[in-house]
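Summary of the model geometry
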Amino acid sequence: MNEKYEKFTLRQWRGIRDMRVNELATESGLTVKTINNYERDIDRLRGASYKNLEAIAKALGISVGDIFLSPTSEKPKYPVKEAV
């Protein structure tokens, strides 16, 4: 099995799941500001508590490990819905 597994940014996962920031915040129990901070600053995401990462992953239907990136990850190639 020589399958390449691609990782996505938090923003990309949200786009793939067709979720707005406010929807992810509600589903994860976090604030819109927290989600925005994690999407804009990889260091904040990396410094997040495991509890927060687990809540985000569960809301997106992915594993915590799926959230983290390789240095060569690309930006989304499709529109991402923003909070209203």
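Please read these numbers as outputs of a predicted model, since none were measured by experiment.

**Remarks on the environment of Glu-39**
Structurally, the position occupied by Glu-39 is in helix α3 (residues 32-40). Here Glu-39 falls in the buried class, since its relative accessible area comes to 16%. Separated by 25 residues in sequence, Glu-39 and Arg-14 place their C-alpha atoms 9.9 Å apart.

**Some words on unusual backbone geometry**
The backbone of Asp-18 shows a phi angle near 55 degrees, a positive value even though the residue is not glycine. The topology assignment puts Asp-18 in the loop between α1 (10-16) and α2 (21-28).

**Some details on the pattern of salt bridges**
By the definition in use, this model includes 2 salt bridges. For Arg-14, the salt bridge goes to Glu-39, with nearest N and O atoms at 2.6 Å. Of this pair, Arg-14 sits in helix α1 while Glu-39 is found in helix α3, placing the two residues 25 residues apart along the sequence. As far as burial versus exposure is concerned, Arg-14 and Glu-39 are alike and both buried. One salt bridge connects Arg-44 with Asp-41, and the closest N-O pair in it is separated by 3.7 Å. Of the residues examined, Arg-44 reaches a relative accessible area of 46% and is grouped as partly exposed.

**Description of the confidence of the model for the protein**
The predicted model of the protein has a mean per-residue pLDDT of 81, with 73% of residues at 70 or higher. Here helix α4 (residues 42-46) stands out as the element of the protein with the lowest mean pLDDT, 87, in contrast to α2, whose mean of 97 is the highest.

**Focus on the nonpolar core**
Across soluble globular proteins, nonpolar side chains show a tendency to be buried alongside one another. With 19 residues, the main nonpolar core has Leu-10, Leu-24, Ile-35, Tyr-38, Ile-56 and Leu-60 as its most contacted residues. Among the elements of the structure, α1, α2, α3 and α5 (50-60) are those that each provide at least two residues to this core. Per-element accounting of this core gives the leading share, 4 residues, to α5. Excluding anything up to four places from it in sequence, Tyr-38 contacts Leu-10, Leu-30, Arg-44, Leu-45, Ala-48, Asn-52 and Ile-56.

Scoring rules and cut-offs
- Residues numbered from 1 in each chain as written.
- Predicted model: local features only at pLDDT ≥ 70, side-chain atom pairs only at ≥ 80, totals over all residues.
- Heavy atoms only, no water.
- Helix = DSSP H or I, 4+ residues; strand = E, 2+ residues; numbered from the N terminus.
- Buried < 20%, exposed > 50% of the residue type's maximum accessible area, 1.4 Å probe, protein only.
- Salt bridge = Lys/Arg side-chain N within 4 Å of Asp/Glu carboxyl O.
- pLDDT = per-residue confidence, 0-100.
- Core = buried A, V, L, I, M, F, W, Y, C linked by side-chain atoms within 4.5 Å.
- Contact = heavy atoms within 4.5 Å.

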